[in-house]
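# Results of the structural survey
Residue strings, one per chain:
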Amino acid sequence: MADAPASQKQQTAVALAYQGGDAAPKIVAKGKGLLAGEIIKRAGEAGVFVHESKELVALLMQIDLDRQIPPQLYRAIAELLAWLYHIESGKISGDARPAPPDTARLIDTP
């Protein structure tokens, strides 16, 4: 995930990973500036989708590496993963790409 287009100076990015059996996705990479650019570049090279969400990235940047996302972000991340699943399914079937979820609206805040 990224928070700003590549043309902006101080970009931030967070990479999540989820494996079956994990309780929740984990933060596997995060950074600002050049490091963020490298995270986004490598994601693109690996065919991993990059979703831009300033609010979600700001919250995820506060989480330590190799830590699971907090329960307050489960719904936003679940909606994003479901959307990505539909995109992948659509590539196979030729269906139109659905609109991305509004992750800012899905973040549970106390």
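Here is what the cut-offs are and how they apply
Each chain carries its own residue numbering, running from 1 in the written order of its sequence. Confidence filtering applies because this is a predicted model: local features only for residues at pLDDT of at least 70, side-chain atom pairs given and counted only at 80 or more, and all residues used for totals across whole chains, interfaces and linings. The side-chain numbers reported here are obtained from all heavy atoms of the structure, hydrogens and water having been left aside. Cavity means a closed set of points on a 1 Å grid over the protein atoms alone, one where a 1.4 Å probe fits but cannot get out, pocket means an open set with protein on both sides within 12 Å along at least 5 of 7 lines, and lining means a residue has an atom within 4 Å of a point. Grid points are joined across faces, edges and corners, and a volume is the space filled by probe spheres set on the points. Numbering goes from the N terminus for both helices and strands, where a helix is a DSSP run of H or I of at least four residues and a strand is a run of E of at least two. Residue polarity follows a fixed list, in which Ala, Val, Leu, Ile, Met, Phe, Trp, Tyr, Cys and Pro are nonpolar, Asp, Glu, Lys and Arg are charged, and the others, Gly among them, are polar. Only the six-membered ring of Trp is used, alongside the rings of Phe and Tyr, when aromatic pairs are assigned; centres must lie within 6.5 Å, and planes under 30 degrees apart are stacked while those over 60 apart are edge-to-face, with the rest tilted. Buried, partly exposed and exposed residues are distinguished by accessible area as a fraction of the type maximum, computed with a 1.4 Å probe on protein chains only: under 20%, between the cut-offs, and over 50%, respectively. Each residue carries a pLDDT value, the predictor's own confidence for that position, ranging from 0 to 100. Any carboxyl oxygen of Asp or Glu within 4 Å of a side-chain nitrogen of Lys or Arg constitutes a salt bridge here. Each nonpolar core is a collection of buried residues, namely Ala, Val, Leu, Ile, Met, Phe, Trp, Tyr and Cys, held together in the definition by side-chain atoms within 4.5 Å. To estimate how far a helix should reach, multiply one less than its number of residues by 1.5 Å. Here, residues are in contact when the closest pair of their heavy atoms is within 4.5 Å.

The volume enclosed by the largest pocket comes to roughly 630 Å³. M1, A15, L16, V48 and F49 are the residues nearest the centre of the largest pocket, which is lined by 30 residues in total. Breaking the lining of the largest pocket down by element, the ones donating at least two residues are strand 1 (12-17), helix 1 (34-45) and helix 3 (74-93). In terms of residues, the lining of the largest pocket owes the most to one element, helix 3, which gives 7 residues. Class assignment of the residues belonging to the lining of the largest pocket gives a composition of 23 nonpolar, 2 polar and 5 charged.

Take the packing of aromatic side chains next. With the rule as written, the count across this model stands at 1 aromatic pair. Summarising the aromatic geometry, the rings of F49 and W83 are spaced 4.9 Å apart at their centres and angled 75 degrees between planes, so their arrangement reads as edge-to-face. Within this pair, whereas F49 is found in the loop between helix 1 and helix 2 (54-60), its partner W83 is found in helix 3, the two being separated by 34 residues in sequence. For F49, a relative accessible area of 33% puts it in the partly exposed group. Among the residues examined, W83 registers a relative accessible area of 6% and is labelled buried.

A few words now on the confidence of the model for the chain. Per-residue pLDDT for the chain averages 83, and the proportion of residues at 70 or more is 74%. Across the chain, the element-wise mean pLDDT spans from 64 in helix 4 (residues 103-106) up to 97 in strand 2 (residues 26-32).

This part is about the pattern of salt bridges. Within this structure, the stated rule accounts for 2 salt bridges. Ionic pairing is found between E38 and R42, a salt bridge with its closest N-O pair at 2.9 Å. Taken as a pair, E38 and R42 lie in helix 1 at a separation of 4 residues, close to a single helical turn. On the accessibility criterion, R42 (55% relative accessible area) is exposed. A salt bridge links K41 to E45, with the nearest nitrogen and oxygen atoms 4.0 Å apart. Of this pair, K41 and E45 are both found in helix 1, 4 residues apart, which corresponds to roughly one turn of the helix.

M1, L56, L60, I69 and L73 are the most contacted members of the largest nonpolar core, which has 16 residues in total. Sorting elements by how many residues they give to this core places helix 3 first, with 5 residues.

Its 12 residues place the ends of helix 1 16 Å apart at the C-alpha level, agreeing with the 16 Å of an ideal helix rising 1.5 Å per residue. Here the buried face of helix 1 lies against strand 1 and strand 2. G47, located one to two residues past helix 1, shows a positive phi value of around 80 degrees.

A separate point is the environment of I40. Relative to the helices and strands, I40 resides in helix 1. Take I40: its relative accessible area is 22%, and that puts it in the partly exposed class. Residues I40 and A15 lie 25 residues apart in sequence; the distance between their C-alpha atoms is 8.6 Å.

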